[in-house]
Structures are given as C-alpha cells and as structure tokens.
Amino acid sequence: MSIAILIHSSKTMRSTVPTVPATTPLLIDKAQPLAAYVQTLTPTQIQSAMGVSESLSHKVHDAWAEWNTGPSQQSLAMDSFVGDIYSGLQANTLSRQDRDYAQQTLRILSGLYGILRPYDGVRPYRLEMGYKLPDSQFKNLYTYWGTSIAETLPAEGLVVNLSAVEYTKTILPYIDSTRVIAPRFLTRDAKTGELKQVIVHTKIARGAFARWLIQSRVASVDDLVQFKELNYRYEASPSTPSEPVFVCEDFGGIGLSMRLQKD
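Residues numbered from 1 in each chain as written. Predicted model: local features only at pLDDT ≥ 70, side-chain atom pairs only at ≥ 80, totals over all residues. Heavy atoms only, no water.

**Student:** What is the right way to look at the overall build of the protein in this model?
**Tutor:** Scanning the protein from terminus to terminus reveals 10 helices and 13 strands. Taking 2.2 N^0.38 as the reference for a compact globule, 263 residues should give roughly 18 Å; the C-alpha atoms of the protein span a radius of gyration of 19 Å, in line with that estimate. A principal-axis box enclosing the C-alpha atoms of the protein has dimensions of 50 × 40 × 35 Å. Residues classed as buried in the protein amount to 51% of the 263 residues present. Counting only contacts in the protein whose residues sit at least 6 apart along the sequence, the fraction spanning at least 24 positions is 68%. Summed over its atoms, the accessible surface of the protein is roughly 12400 Å², and 50% of this surface lies on carbon and sulfur atoms. Put simply, the protein has 26 plus and 25 minus side-chain charges, and the middle of one group is 3 Å from the middle of the other. (Helix = DSSP H or I, 4+ residues; strand = E, 2+ residues; numbered from the N terminus. Rg over C-alpha atoms; globule rule 2.2 N^0.38 Å. Buried < 20%, exposed > 50% of the residue type's maximum accessible area, 1.4 Å probe, protein only. Contact = heavy atoms within 4.5 Å. Areas by Shrake-Rupley, 256 points an atom, 1.4 Å probe, with all protein chains shown as cover. Lys, Arg positive; Asp, Glu negative; His and termini not counted. Charge placed at Lys NZ, Arg CZ, Asp CG, Glu CD.)

In structure tokens, the structure reads:
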C-alpha cells in the first residue's frame, strides 16, 4: 500500500547547503505568480495581511525581496523549516536512505508552494495558507490553489494527516475520507488522570510520528498503533478507526524543542 505523510510549513525558515541536488516543486508554475504578487506588497500591506508587527513586516518584506528560483540559491525543503514539528522530525539526522524514502512519501503543505517534497528547492518566505491578501486573485488562497494540491497525491493508498487544519483544507475536501488517518496526541494529567492536548507536545509528536513512519517504512493501517516514541502509547478507548489516539504521561520530547528548553 502506498502512503502519503502530510505535515505543513512553518513561519520560521533558514537557508542551508543542499546535500543532494534540489528538485523543482511540483506546483512552481502556480507559486511563481503568487510570489511575484507578494513581492509588490509594502511593509504596511504585509503588516495588515499577515497580522505581524511593524518591525517584523519590514523583515518579511526584505526576505520577499530576496526570494527567487535561482538553482544555486535554493535550500532543501526538509532542512529549511524550523519549528516544533521539525524538532520532532529531526530531518538532518535521518539516513540518506530514509531521506530518499521521505522524498517519495513525505509532503509539506505550503501557502506559497502548495505542496513540497523534502528535496524540493525553496527560499525563505512567510505566507501562511490562511492569509488574506489584498488582490482579489490571491485574497483566498484556498480558492487559488483549488484542487491542484490534492491532485499531486497518489490516487489511492493511505494518507496520514499530521498537518494543521489551516493546511489540510486544501486536501481533505478532494480525496476519499476513508483513506485518511489523523493521529491525535494527548497528555495524561498526573494528578487528575484527565487526557488533554498540550499544543507544543502535539506538534513535536506529529514530527516524531512522521519520522517513525519514514524510518519504519510503515504502510499498513494496522501497524500505526505500534508508535512508541517520546513515551507515547496507543490507547484504544478514546481512539476511532480514523483517529488513533496516543497518550503520554511523561513527555519525552522536551530536549527536542528550543521553546521547552527555555521554560
């Protein structure tokens, strides 16, 4: 059975030296006119559309001024994004064989590029899928991307959804829902025993789950419950066939996140 693993891009990015030749994003022809438009926005327009501070709007504006598709200036997508999901994924420590397998199975949903493979070449940018831009053509990015993102996925097989709702709106309406598995990651309160969602833990766990899928070459729904990273264990009672629930009592990913290390 084929498998597609969905995660999403992050606000923070870095430039890195590619370890393999970069591939071209599948939807670059739609990304380029979108990028060209965003590059025309003033810092004031960016501040309004993206809800950022005045100082950050200038940094975003400057980053967009440098955005291009020049082959020598691209970084690999899987090494470029910085955030909690990517803290769990730990892409730079995957073996070459695992990274090659990820190129076939892992997909990163993106406001600018639509969808990215791990080896696709990217430049730092800021453009979340939920942003509403001033121009009517790009005001609603869900309308702009339409079915094009979903159409890049295999026509059949398992889809493991580890992405945020903001991004999966570009996928889920256009594929058979019976294909989709959306794991949930909860923490058991030590005092009350109550299961609750800790957002940072969930994000890191999503990345760790993607890493585990890649390293284990999991392709069967039945095998998903074997996930035991970061002290998570499958718990049957709150689970459903489409939403397996994994519970931890002592979160094992604190050392992976800069945010948690600072707390």
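**Student:** Which parts of the structure should I look at to understand the sheet that holds strand β13 (residues 245-248)?
**Tutor:** Spatial strand order, β11-β10-β13-β12: 4 strands in an open sheet with mixed pairing. In this open sheet, the two edge strands, each paired with only one partner strand, are β11 (195-196) and β12 (233-235). As judged from the 3 bridges shared by β12 and β13, these two strands associate in the antiparallel manner. By the bridge assignment, Glu235 is partnered in β13 with Val245. With respect to the sheet, helix α9 (residues 199-216) is in contact with β10 (184-188) and β13, its orientation differing from that of β10 by roughly 130°. (Pairing = 2+ DSSP bridges. Axes fitted to C-alpha atoms, helices over the stretch in contact; angles between N-to-C directions.)

**Student:** How should the packing of aromatic side chains be read in this particular structure?
**Tutor:** The geometry of two aromatic rings is summed up by the distance between their centres and the angle between their planes. Counted under the stated rule, the structure contains 21 aromatic pairs. Taken together, a centroid distance of 6.2 Å and an interplanar angle of 50° make the contact between Trp67 and Tyr113 tilted. Taken together, the positions of Trp67 in the loop between α3 (54-66) and β3 (75-76) and Tyr113 in the loop between β5 (106-110) and β6 (114-116) put the pair 46 residues apart, joining distant regions of the chain. Aromatic side chains Phe227 and Phe246 sit 5.6 Å apart centroid to centroid with 90° between the ring planes, which places their arrangement in the edge-to-face category. Of the two residues, Phe227 sits in the loop between α9 and β12 while Phe246 sits in strand β13, which places them 19 residues apart along the sequence. Residues Phe227 and Phe246 agree in their burial class; the two are buried. Across the ring face of Tyr144, the terminal group of Lys30 is positioned such that the distance to the ring centre comes to 4.1 Å. Directly above the aromatic system of Tyr101 lies the positively charged group of Arg217, at a separation of 4.5 Å from the ring centroid. (Phe/Tyr/Trp six-rings, centres within 6.5 Å; stacked < 30°, edge-to-face > 60°. Lys NZ or Arg CZ within 6 Å of the ring centre and 35° of its normal.)

**Student:** Explanation requested: the nonpolar core in the structure shown.
**Tutor:** Proteins that are soluble and globular tend to have nonpolar side chains buried together. Core analysis: the largest hydrophobic core is formed by 81 residues, its most contacted members being Leu34, Trp64, Leu112, Leu127 and Phe209. The element that contributes the greatest number of residues to this core is α9, accounting for 9 residues. Setting aside chain neighbours within four positions, we find Trp64 in contact with Ala35, Val38, Gln39, Met50, Leu112, Tyr125, Arg126 and Leu127. (Core = buried A, V, L, I, M, F, W, Y, C linked by side-chain atoms within 4.5 Å.)

**Student:** In this structure, what is going on with the pairing of strand β8 (residues 158-161)? I would like to understand it.
**Tutor:** Looking down a regular strand, the side chains alternate between one sheet face and the other. With burial as the criterion, each face of β8 is covered, one bearing Leu158 and Val160 and the other bearing Val159 and Asn161. As paired strands, strand β1 (residues 3-8) and β8 are joined by 4 bridges and run parallel to one another. Note that in β8 the partner of Ile3 across the bridge is Leu158. Bridge count for β8 against strand β9 (residues 180-181) is 2 bridges, and the pairing is parallel.

**Student:** Sorry, what's going on with helix α1 (residues 28-38) here?
**Tutor:** Side chains of residues three or four places apart in an α-helix project in the same direction, reflecting 3.6 residues per turn. All of the buried residues along α1 are Ile28, Ala31, Leu34, Ala35, Tyr37 and Val38. On the buried face of α1, the contacting elements are α2 (43-50), α3 and α7 (141-145).

**Student:** How do you make sense of the packing of α2 against α3 when you look at a structure like this?
**Tutor:** Packed helices, taken two at a time, are described by the angle between their axes plus the distance between the axes. One way to put it is that α2 packs onto α3 with a least axis distance of 8 Å and a crossing angle of 110°. Between α2 and α3, the angle is such that the two are roughly perpendicular. Relative to α3, the crossing made by α2 is right-handed. Residues Pro43, Ile46, Gln47 and Met50 of α2 touch α3, and the partners they reach there are Glu54, Ser57, His58, Val60, His61 and Trp64. When its residues are assigned to classes, the contact of α2 with α3 shows 5 nonpolar, 4 polar and 1 charged. (Parallel < 35°, antiparallel > 145°, perpendicular 65-115°, else oblique. Left-handed = near helix turned anticlockwise from the far one by under 90°. Nonpolar A, V, L, I, M, F, W, Y, C, P; charged D, E, K, R; others polar.)

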